[in-house]
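# Architecture and fold: a report
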Amino acid sequence: MKKSAVIISVLLLFAVLFTACTKGTAAIAPELGDYVLSAYIVKVDRKDVLAVADDGLYFVSLSDSKVYENSKEIGKDELKAGMSVQIGFDGVVLESYPGQITADIIKVTGETQDKISLFEKVFEEFFNQREDCSWYKTVALDFTKLSISEPQKNALEYVFTNYLRTKTNADVIRSTREELEKEGKLKDGIFENGVILSIKENGDATYDFRAYTGPLGAEGSTFKAKMRNGEWKIDYTNYWIS
């Protein structure tokens, strides 16, 4: 009888300790369901996020969704650009651009070096340095020297085009100087009322930015970028102009 009492006491002690250790932890995230989109977040708003997947760009409504990270529920306001996510939804995709889905469950699976926000910031800083951008009729984006995927390039074009709407009425296109010359859109090498913006990844943690309007209207710089506390810090060096 004494031995049985000791065993029961030990079991009760383990039960108390287990309850104390697990008290306050969130439940493990439920299954995502039959329809799952793997993506990473490009932009975050209060009611939705912009996410890029292998097959394109999506607005993801957060209206009735629950968000989990490391099997714990977190607030929707903790989602941020660069997070890799799995999105469980009802399978309905509205045929717009970007496509629109409503998330039931979002699982954060990791974080990426979000280069979309980096390159967007470089383009924005170029225009922020100019008081009057209204004379631009066309902005050509050259992404041929970037290592990001085609859907990511589309996402960069989309977010930058939306930014430009606040600065100018220019048309935004994807093209290179060589392509524009073949199409006859450059006269004597001059892109009238337009600018070609390009970024080249050098493979040594540096990038080259270039803005071209003509032989005597080009400028650029080399820059390094590091992410600190969730934000890109850019160090421009070797600025040049012609």
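Here is a short report on the structure shown in this document. Quick caveat: nothing in here was measured; it's all calculated off a predicted structure. (Residues numbered from 1 in each chain as written. Predicted model: local features only at pLDDT ≥ 70, side-chain atom pairs only at ≥ 80, totals over all residues. Heavy atoms only, no water.)

## Some words on the pairing of strand β4 (residues 66-69)
One ladder, built from four bridges, connects β4 with strand β7 (residues 99-111); its direction is parallel. In the strand pairing of β7, V67 is matched with I106. With three bridges connecting them, β4 and strand β5 (residues 72-74) associate as antiparallel partners. Residue pairing across strands places E69 opposite K72, the latter belonging to β5. Linking β4 to β5, which pair antiparallel, is a turn of two residues; within it N70 sits at a positive phi near 55°. (Pairing = 2+ DSSP bridges. Helix = DSSP H or I, 4+ residues; strand = E, 2+ residues; numbered from the N terminus.)

## Structural notes on the side chain of R130
By the element assignment, R130 lies in the loop between α2 (115-128) and β8 (138-142). Engagement of the side chain of R130 in a polar contact is seen with the backbone oxygen of F126, the distance being 2.7 Å. (Polar contact = N/O pair within 3.5 Å; in protein donor to acceptor, adjacent residues only side chain to side chain.)

## A closer look at the environment of F209
By secondary structure assignment, the location of F209 is in strand β11 (residues 206-212). Residue class for F209 comes out buried when judged on its relative accessible area of 7%. Measuring from C-alpha to C-alpha, the distance between F209 and V122 comes to 8.0 Å, with 87 residues separating the pair along the chain. (Buried < 20%, exposed > 50% of the residue type's maximum accessible area, 1.4 Å probe, protein only.)

## Quick word on the environment of L32
Within the secondary structure, L32 sits in the loop between α1 (2-22) and β1 (35-44). Remark: the alpha-carbon pair of L32 and I106, spanning 74 residues in sequence, is separated by 7.9 Å. Other than its neighbours up to four places away in sequence, L32 contacts Q86, G88, F89, I105 and K107. (Contact = heavy atoms within 4.5 Å.)

## Quick word on the layout of surface pockets
By rolling a water-sized probe across the atoms, one finds the places where empty space is left. Volume-wise, the largest pocket comes out at about 330 Å³. Forming the boundary of the largest pocket are 16 residues, of which D142, K145, R177, S198 and R210 lie nearest the centre. Residue classes in the lining of the largest pocket are distributed as five nonpolar, four polar and seven charged. Within this model, the second largest pocket holds a volume of roughly 220 Å³. Taken together, K43, K80, A81, D114, S117, E120, K121, E124, M227, G230, E231 and W232 make up the lining of the second largest pocket. Elements with a contribution of two residues or more to the lining of the second largest pocket: α2 and β13 (231-241). (1 Å grid on protein atoms, 1.4 Å probe; cavity = no way out; pocket = protein on both sides within 12 Å on 5 of 7 lines; lining within 4 Å. Points joined across faces, edges and corners; volume = space filled by probe spheres on them. Nonpolar A, V, L, I, M, F, W, Y, C, P; charged D, E, K, R; others polar.)

## Looking at the packing of aromatic side chains
Under the defined criterion, the tally for this structure stands at 15 aromatic pairs. Arranged with centres 6.2 Å apart and planes meeting at 50°, the rings of Y35 and F89 form a pair that is tilted. Of this pair, Y35 sits in strand β1 while F89 sits in strand β6 (residues 83-89), and the two are 54 residues apart along the sequence. Through successive ring pairs, a cluster of aromatic residues spans F123, F126, F127, W135, Y136, F143, F160, Y163 and F209. (Phe/Tyr/Trp six-rings, centres within 6.5 Å; stacked < 30°, edge-to-face > 60°.)

## Overview of the sheet that holds β8
Read from one edge to the other, the open sheet built from six strands follows the order β9-β8-β10-β11-β12-β13, with strand pairing classed as mixed. Sheet topology places β9 (171-174) and β13 at the edges, where each strand pairs with a single neighbour. Mean inter-strand twist for the sheet, computed between neighbouring axes without regard to direction, equals 20°. Contacting β8, β10 (194-201), β11, β12 (218-228) and β13, α2 crosses the sheet at an angle of about 140° to β10. (Axes fitted to C-alpha atoms, helices over the stretch in contact; angles between N-to-C directions.)

## A closer look at helix α3 (residues 150-164)
Taking 1.5 Å of rise per residue, 15 residues should cover 21 Å, and α3 covers 21 Å from first to last C-alpha, within 8% of that figure. All of the buried residues along α3 are P151, Q152, K153, A155, L156, E157, Y158, V159, F160, Y163 and L164. (Expected span 1.5 Å × (residues − 1).)

## Things to note about the packing of α2 against α3
In contact at an axis separation of 10 Å, α2 and α3 are set at 30° when each is read in the N-to-C sense. Classed by the angle they form, the pair α2 and α3 counts as roughly parallel. The handedness of the crossing between α2 and α3 comes out as right-handed. Contacts between α2 and α3 involve I116, F119, E120, F123, E124, F127 and N128 on the former and, on the latter, Q152, A155, L156, V159, F160, Y163 and L164. Taken together, the residues that form the contact of α2 with α3 break down as 10 nonpolar, two polar and two charged. (Parallel < 35°, antiparallel > 145°, perpendicular 65-115°, else oblique. Left-handed = near helix turned anticlockwise from the far one by under 90°.)

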